[in-house]
Structure formats: structure tokens, C-alpha cells
Amino acid sequence: PDVSFPTAPASGKLVVVDPGHGGKDPGAVANGVVEKNINLQISRFLVEELKTRGIPARMTREDDRYLKLQERTELANKWDASVFISIHANALPPGRHATGMEIYLMALPTDKDAMQLALIENKELGNDNGNGSVTEASDKKTRMLLNILGNMQQNAKIDESTNVAEVLFRNGQKRGLSMRRVAQAPFFVLRGAGMPAILVETGFITEKREAGLLANPRMRPLSASSAA
């Protein structure tokens, strides 16, 4: 299926695509697939697809380098982006199975699975912690963000981010992609974005078939979850 960006920004407005992980942070690894590489491949495809449709786009990283979570949205803000899209690949622990694409926005978690995914994606927040484990430090900062979100009741960009996510979700369904859900969770990579911001989990690399499709350079990356 073809992939399009249905809500194109006004002429001259920039879409920033963020390939998740990179450098010393490989992301999830399963079925011979390393997430950081898949994220970069998909992001390159998406940027080129947007440009062919006359929509300016650029990536937060163009090679295998490490960026802190906050640096990614800082770049989008610096470049005065109109939309921020962080690209990831999903993974589940042994014994659990799921397929399809998920689109997230930063808000109070939809459910336990969404919260667990946020904890995994926020893991790097504990890297500079001197006391306790990385996981404990990451969890503490994620729960701090939860409190902030609860106190705010909804930040100014949640409604706009929701609209972008839902339009992309419907557009994916129309083109035959396996669209699992739109959900929300406290992702630090989306924190601080001054524009609508979403995180896309393109498929589950812990599922052998989806991992193979995502890793196949002859496949259009974002169509990997179709016809599962």
C-alpha cells in the first residue's frame, strides 16, 4: 500500500521525523533486527515521501548517532517545525504476541501496556543516575512526568496531537495497513515539543513476520504491517 501524509502542513512548514534510539542505544533487538537501524530506514523513506509531495521534512539524526530524548524535540523547536514524528519499532516480552502499528501522543496512559511501553522508551533517563538502578531512575522520572500531566489536566498540544494521530490512523486503515490503535502514554521524547507531536510504533520486531518485512529493503517500510 502507498503511504501518504494526509494533513499536509501549509507550504513552507517543516515536518521533523525522529528516528528513535541510535548510537550506543540500539533500542529493541529481536529476530536478527536492531530497532535503531529500522527506525533510521523508515525515517529516511518517510522524509523522501514527504518531499515528493512538496512537504519540507528533515530528520533529527541522519546516521547512527546517539541523541538524548530532550535533544530531539529541542531540534524540532529550533527548526520551527509544524509536526514532530518519532519513529520506533515495538517489542513484547517472550510469550506475548501482537501485530500492527500503534500511534501514541504524550498524555496520561491509556492502559498498563501503554505505561509499560513508555517506561521502556524512557529507559535512557536513568543513564546518568549515580544511585540505584537505571530502571529505578527512569521509572521515577516517568512518574514525575505523570504527575505533571495530571496537574496540567491536558497540555495545549494534546488535542492537536490527537487530531494528527487519528487522521494518520484512519489513513493507514484505508490503505490496508494493520493499524492496532491510537493511545497515549508519558513519553519523554515528546515532552517539550512546541508543535503537535506523535510517536509511531511501526510494527513488532518480536513477531518474526513483521520483523522480516520491516528489515526487507525491498519493502516500503511503513507498509510492513499490512496483510499480517
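What you are looking at is a predicted structure, and each value in this text was computed from that prediction instead of being measured.

A short note on the packing of aromatic side chains
Two aromatic rings are characterised by how far apart their centres lie and by the angle between their planes. Here the structure, examined in full by the defined rule, presents one aromatic pair. Judged by centre distance (5.3 Å) and plane angle (75°), the rings of Tyr 104 and Phe 187 are edge-to-face. Taken as a pair, Tyr 104 in strand β6 (residues 101-106) and Phe 187 in the loop between β7 (179-185) and β8 (197-204) lie far apart in primary sequence, 83 residues in all. Summarising the burial analysis for this pair, Tyr 104 and Phe 187 share the class buried. When the ring centre of Tyr 66 is taken as reference, the NZ or CZ atom of Lys 24 above it lies at 4.6 Å. Directly above the ring of Trp 79 sits Arg 58, whose terminal nitrogen or CZ lies 3.6 Å from the centroid.

A word on the side chain of Glu 201
Looking at where Glu 201 falls in the secondary structure, it is placed in strand β8. For the buried residue Glu 201, which engages in no salt bridge, the nearest side chain bearing the opposite charge is Arg 181, 9.6 Å off. For Glu 201, the residues in contact, after removing those within four places along its chain, are His 88, Ala 89, Asn 90, Gly 100, Met 101, Glu 102, Tyr 104, Leu 117 and Glu 121.

Overview of the sheet that holds β8
Pairing in this open sheet of six strands is mixed, and the strands run β4-β1-β5-β8-β6-β7 from one edge to the other. Each edge of the open sheet carries a strand with a single partner, namely β4 (57-59) and β7. Between one strand axis and the next, the sheet turns by 25° as a mean value, whatever way the strands run. Examined bridge by bridge, β6 and β7 share six bridges and lie parallel to one another.

Some details on the nonpolar core
Of all hydrophobic cores here, the largest spans 34 residues; its most connected members are Val 15, Val 17, Ile 103, Ile 198 and Ile 205. Among the elements that take part in this core, helix α1 (residues 35-52) stands out by supplying six residues, more than any other. Those residues in contact with Ile 103 that sit more than four places away from it in its chain are Ala 165, Leu 168, Phe 169, Met 179, Arg 181, Val 182, Ala 183, Ile 198, Leu 199 and Val 200. Within the second largest apolar cluster, 23 residues are counted, among which are Ala 114, Ala 118, Leu 190 and Ala 197.

What counts and how
Residues numbered from 1 in each chain as written. Predicted model: local features only at pLDDT ≥ 70, side-chain atom pairs only at ≥ 80, totals over all residues. Heavy atoms only, no water. Phe/Tyr/Trp six-rings, centres within 6.5 Å; stacked < 30°, edge-to-face > 60°. Helix = DSSP H or I, 4+ residues; strand = E, 2+ residues; numbered from the N terminus. Buried < 20%, exposed > 50% of the residue type's maximum accessible area, 1.4 Å probe, protein only. Lys NZ or Arg CZ within 6 Å of the ring centre and 35° of its normal. Lys, Arg positive; Asp, Glu negative; His and termini not counted. Salt bridge = Lys/Arg side-chain N within 4 Å of Asp/Glu carboxyl O. Contact = heavy atoms within 4.5 Å. Pairing = 2+ DSSP bridges. Axes fitted to C-alpha atoms, helices over the stretch in contact; angles between N-to-C directions. Core = buried A, V, L, I, M, F, W, Y, C linked by side-chain atoms within 4.5 Å.

Any functional reading would require information that these geometric values do not contain.
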